[in-house]
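Architecture at a glance
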Amino acid sequence: MTKILTGGVGKAQVAEALGELGIGGLEVTVSNDMEAAMKLRAGQADYYLGTCHTGAGASLGVLLGVLGSGTCHTFGRRVPTEEDVAELLDSGKKVFGFGMDQISATTPVIAHAIAARAA
């Protein structure tokens with residue numbers, strides 16, 4: 001089971017979007033920044049999807065401080081491709097930030113890349 005935590009301003013919407021995808025093997029939990037950072041650090045969760053209004057800094061601020069830049073990536077308001085996300089996953093990224101206005105477009109891309117990796 002792959003554990004994904006959601007956080008930031010749109011955490012409930014991201015969790016809902018993940019649930020609507022119907023991808024088996026994903027456990028989604030709405031969280032907050034500090035709780036997510038501690039769970040990721042302790043190996044109690046696998047990924048974090050955080051949102052803020054711009055998708056730049058606030059979506060990942062605490063996680064970046066606790067886990068470091070090697071684990072975190074922000075897309076800002078750009079919608080990535082599944083290949084973009086796969087490359088980031090291969091490089092060790094587990095924490096992704098993006099803008100609230102990109103939830104419906106970005107969430108499925110990240111989720112499918114994570115699911116493909118777990119398959």
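Residues numbered from 1 in each chain as written. Predicted model: local features only at pLDDT ≥ 70, side-chain atom pairs only at ≥ 80, totals over all residues. Heavy atoms only, no water.

The name that an unreviewed UniProt entry assigns to the chain is DUF2620 domain-containing protein, with the source organism given as Streptomyces ovatisporus.

Considerations on the overall build of the chain
How we decide: Comment: elements are numbered from the N terminus, with helices defined as DSSP H or I runs of at least four residues and strands as E runs of at least two. Here the radius of gyration uses the C-alpha set of atoms, whereas the globule reference equals 2.2 Å times the residue count to the power 0.38. Throughout, exposure labels follow a simple rule: accessible area from a 1.4 Å probe, protein chains only, divided by the maximum for the residue type, with under 20% read as buried, over 50% as exposed, and the rest as partly exposed. Only heavy atoms enter the contact rule, under which two residues are in contact if any of them lie within 4.5 Å. Charge convention: Lys and Arg are scored as positive, Asp and Glu as negative, and His as well as the terminal groups of each chain are ignored. Note that the charge is assigned to NZ on lysines, CZ on arginines, CG on aspartates and CD on glutamates.
Scanning the chain for helices and strands turns up 5 helices and 5 strands. Helices and strands in the chain line up, N terminus first, as β-α-β-α-β-α-β-α-β-α. Rg of the C-alpha trace for the chain: 12 Å, near the compact-globule value of 14 Å for 119 residues, within the 12% margin. For the C-alpha atoms alone, the extent of the chain along its principal axes is close to 30 × 30 × 25 Å. A buried classification covers 44% of the 119 residues belonging to the chain. The contacts of the chain with a sequence gap of at least 6 include a subset with a gap of at least 24, amounting to 67%. Distance between charge centres in the chain, computed from 9 positive and 12 negative side chains, equals 8 Å.

Topic: the side chain of Lys93
Note the cut-off: Salt bridges are defined by distance alone: a side-chain nitrogen of Lys or Arg within 4 Å of a carboxyl oxygen of Asp or Glu. Pairing of N or O atoms within 3.5 Å defines a polar contact, subject to two protein rules: one partner must be a possible hydrogen donor and the other a possible acceptor, and residues neighboring in sequence count only if both atoms are side-chain atoms.
Assignment of secondary structure puts Lys93 in the loop between helix H4 (82–90) and strand S5 (95–99). Despite its burial, Lys93 remains without a salt bridge, the nearest opposite charge being carried by Glu87 at 12 Å. Only 3.4 Å separates the side chain of Lys93 from the backbone oxygen of Cys72, close enough to count as a polar contact. The contact partners of Lys93, leaving out residues within four places of it in the chain, are Tyr47, Ser69, Gly70, Thr71, Cys72, His73 and Leu88.

Topic: the pattern of salt bridges
Per the stated rule, a full pass over the model turns up 4 salt bridges. The partner of Arg78 in a salt bridge is Asp84, with the nearest N and O atoms 3.1 Å apart. Among the ionic pairs, Asp90 bridges to Arg117, the shortest N-O distance being 2.7 Å. You can see Asp90 sitting in helix H4 and its partner Arg117 sitting in helix H5 (residues 103–118), a full 27 residues away along the chain. Looking at Arg117, the relative accessible area reads 42%, which means it is partly exposed.

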